[in-house]
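Topology and contacts: notes
For reference, the chains in residue letters:
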Amino acid sequence: MTSALAAFLAAGSLPYPARAQSTALLGFSDTSSAAQRARETRFDALLDPNDQRTWMKRLTARPHHLGSPYDAENAKYLASLFTSFGYQTRIERFDVLMPWPTKRVLELTGPKRFVASLQEKPLPQDHTSWETREQLPTFNAYSIDGDVTAPLVYVNYGLPRDYDELARRGISVRGKIVIARYGQSWRGIKPKVAAEHGAIGCIIYSDPRDDGYWGGDAYPNGVMRNPTSAQRGSVEEMEVYPGDPSSPNVGSVPGVKHLPLSQITTLSKIPVLPISYTDAAPFLRALGGQVAPAAWRGGLPFTYHLGAGPARVHLALKFDWKLRPAYDVIARMPGSERPDEWVIRGNHHDGWVNGAQDPIAGAVALLSEAKAIGVLAKAGDRPKRTVVFALWDGEEPGLLGSTAWLETHLPELTKKAAVYINSDTNGRGYLFVQGSHSLEAMMSGVADVVTDPEHHVSVKARELAELRVAHFDGAQGNADLGDGSAFHIGALGSGSDYSAFIQHGGIASFNLGYGGEDPSGSYHSIFDSYDEYTRFKDGRNFAYGVTLAKTAGRLVLRFADADVLPYEFGPSANTVAMYADQVEKLLETERKQTQTEDALIADGSFVDTEDPRSPTLPPKSLASVPALDFDALTTAVAKLKTSAAAYDEKLAAYHGSGSVALDDALIATERALLGDGLPKRPWYRHELYAPGYYTGYGVKTMPAIREQIEQRDWAGAQAGIAAVAKALDAYAAAIDAATAEIGAG
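The following paragraphs examine the structure supplied in this document. (Residues numbered from 1 in each chain as written. Predicted model: local features only at pLDDT ≥ 70, side-chain atom pairs only at ≥ 80, totals over all residues. Heavy atoms only, no water.)

Now for the nonpolar core. Core analysis: the largest hydrophobic core is formed by 218 residues, its most contacted members being Phe82, Phe510, Leu633, Met702 and Leu728. With 13 residues, the single largest contributor to this core is helix α9 (residues 356-378). (Core = buried A, V, L, I, M, F, W, Y, C linked by side-chain atoms within 4.5 Å. Buried < 20%, exposed > 50% of the residue type's maximum accessible area, 1.4 Å probe, protein only. Helix = DSSP H or I, 4+ residues; strand = E, 2+ residues; numbered from the N terminus.)

Here it is, written out as structure tokens:
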């Protein structure tokens, strides 16, 4: 750590300003705060859990994946609801590449023959599981076609570190088919890393230790994964760019030019197929070779071996590669005073099959919010700013609908979008929230006044208590959320519809929901159904559906009606300082690791610590870790601290009604964090938040620095320091411009 940065961190975090201890809400005066609290009380009284039950039953009655007949029917139904609530409603269509499988073959050809069923068995307790004619079969979207036969290798979760472990044991996957278990990362990373190591096919299975009977009773007796259940899902390389893979950077409106398959870079490089643990067992049982390390052993009742062989596998896949329509449902209520400032609230409506928890549990909460705000508007309390509700299509294959909408409307959104508020799944348990850290103080205020329906404390108090318990137990979690002594929000990676808004459009964003007490054993299967959700999850009373509506609804209402858009920059400056400290410490960690590995290789003692019989790693030359120059980053962080404090202090003393000019300046602050694009993936332009190149959903903060250090690209890391410092300088300048507008005119 440089001495300047050490001094800055020693000075402590920026405190919330004195305004936070008054009766005023962030962005409101004392008078307007009283009116806002009364508005929120009326809003809460309009939220009916029976509405959510009715809507979920209707929306999940049939499979509604992108391109299906019921997907189109649901879009029309949703549009009719919004219209009845009083919104200007339209359905926007995008024609997107969405392949469906026409051939799926997986068989063990030796030493014994076994043919995988690749079928989920319907259950009498789950009436929609019998809708087999309309169900998409189990498959991974954007797997390439392929017909391969090869020996099998077990690769644990299929992460880069797992291949390092195989290398220590002298096992290569080149020319082999790999079998990996779901978990520990986004599924698309598994075939990506397998292909980089020379594998020619990938099978992903659900191990019962991860989400099956190891954790509780399997469905239909409980919520854990049924033995025949398999997890569908996309393997599009969304860490490069999300959305329609055939129209990058361009909204795929009807008639747009699409890339031929040979030019698309985000398809998997090898054929990929998901299977159940019932289908997986014969393949894993047939493996020989070394016994798997203890941490690699799952919950199936036999010894796990690594291979390669003697198991030999034939995998054959073919897809139809068609364009299919995606229907985004967009409902707008123009603002009464500032119609050119937009508060956007979204969730997706497409599912892999019937999709009760994912995504309809989140969608029905959004509908509750829209209905209640519509009632308030009809009674004369129309929001000051324009409110846009969006139910996206095509999220499951790869954020298709939201990305297409953002790319199509980007010039207008750049001028008008004040915030994007996202949800997706929802269930019982704790509040989870990630977002732009300029929104952290606002989120803290909302979480303070929403009550947990089961524990009768604020959702903020319950989340902090859970973090304190996890910290005490030494549980692994998001370290950025702290130890529960103070409220923080997490950083945004990818995996839901906020991605295009913040990481390409520079629009300040939230992603939130509730969960933690409803395991996801039905995830992306035919059993994520109305029956399962209402028997075992929040659908028993939709209490957390109403709680999500109260939480997200307050975010919408406070943004829509605040005198001044409710940003506060002290938390953002604190978080940026933490990220700067982390990347400097990461460099030092890499230096120490290099020195240790060099020493072990030099004396020939670098062997697998769990199995001393495994071969030593071959000698290799590890480049020394240079001393990178962090001065530009240190200076930029210090300037940001000064600018953030000046804005927050001036806002705390301000009691005016704000102005369009001030709001415009605040909207521009998040845009200032956009750069020229990240290395290898210029679609991602945000310099603070991006999905990791090898983590997929998982966030990498200051990715232009962090990932280059992890990949030992020292020139790239130094260039990343310059890029991040430039963005932080622009961010501080944008905050200064907003400060100058407080009280101006």
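There is more to say, and it comes next.
With respect to topology, seven strands assemble into an open sheet ordered β3-β2-β10-β5-β6-β7-β9, the strand pairing being mixed. The sheet terminates laterally at β3 (114-115) and β9 (272-275), the two strands that pair on one side only. Relative to strand β10 (residues 307-319), strand β2 (residues 101-110) runs antiparallel, the two sharing eight bridges. The residue bridging Leu108 from the neighbouring strand is Val313, located in β10. (Pairing = 2+ DSSP bridges.)

Time to look at unusual backbone geometry. In this model, Gly110 is joined to Pro111 through a cis peptide bond whose omega is 5°. Residue placement: Pro111 occurs in the loop between β2 and β3. Between Gly307 and Ala308 the backbone carries a cis peptide bond, its omega angle lying at 0°. Secondary-structure assignment places Ala308 in strand β10. Phi at Asn156 is positive, roughly 60°, even though this residue is not glycine. With respect to the helices and strands, the residue Asn156 is situated in the loop between β5 (146-154) and α5 (160-168).

The topology assignment puts Ser29 in the loop between α1 (3-10) and α2 (30-45). Among the residues examined, Ser29 registers a relative accessible area of 16% and is labelled buried. Look past the residues within four positions of Ser29 in its chain and what remains in contact with it is Ala24, Asp563 and His655. (Contact = heavy atoms within 4.5 Å.)

Along the chain, Asp518 turns up in the loop between β16 (509-516) and α15 (530-536). Judged by its relative accessible area of 11%, Asp518 is buried. Here Arg428 takes part through its backbone nitrogen, which lies 2.9 Å from a polar atom of the side chain of Asp518. Leave out the neighbours within four places in its chain, and Asp518 touches Gln357, Gly427, Arg428, Phe536, Lys537 and Asp538. (Polar contact = N/O pair within 3.5 Å; in protein donor to acceptor, adjacent residues only side chain to side chain.)

Keep in mind that these numbers describe shape and distance, not what the molecule does.
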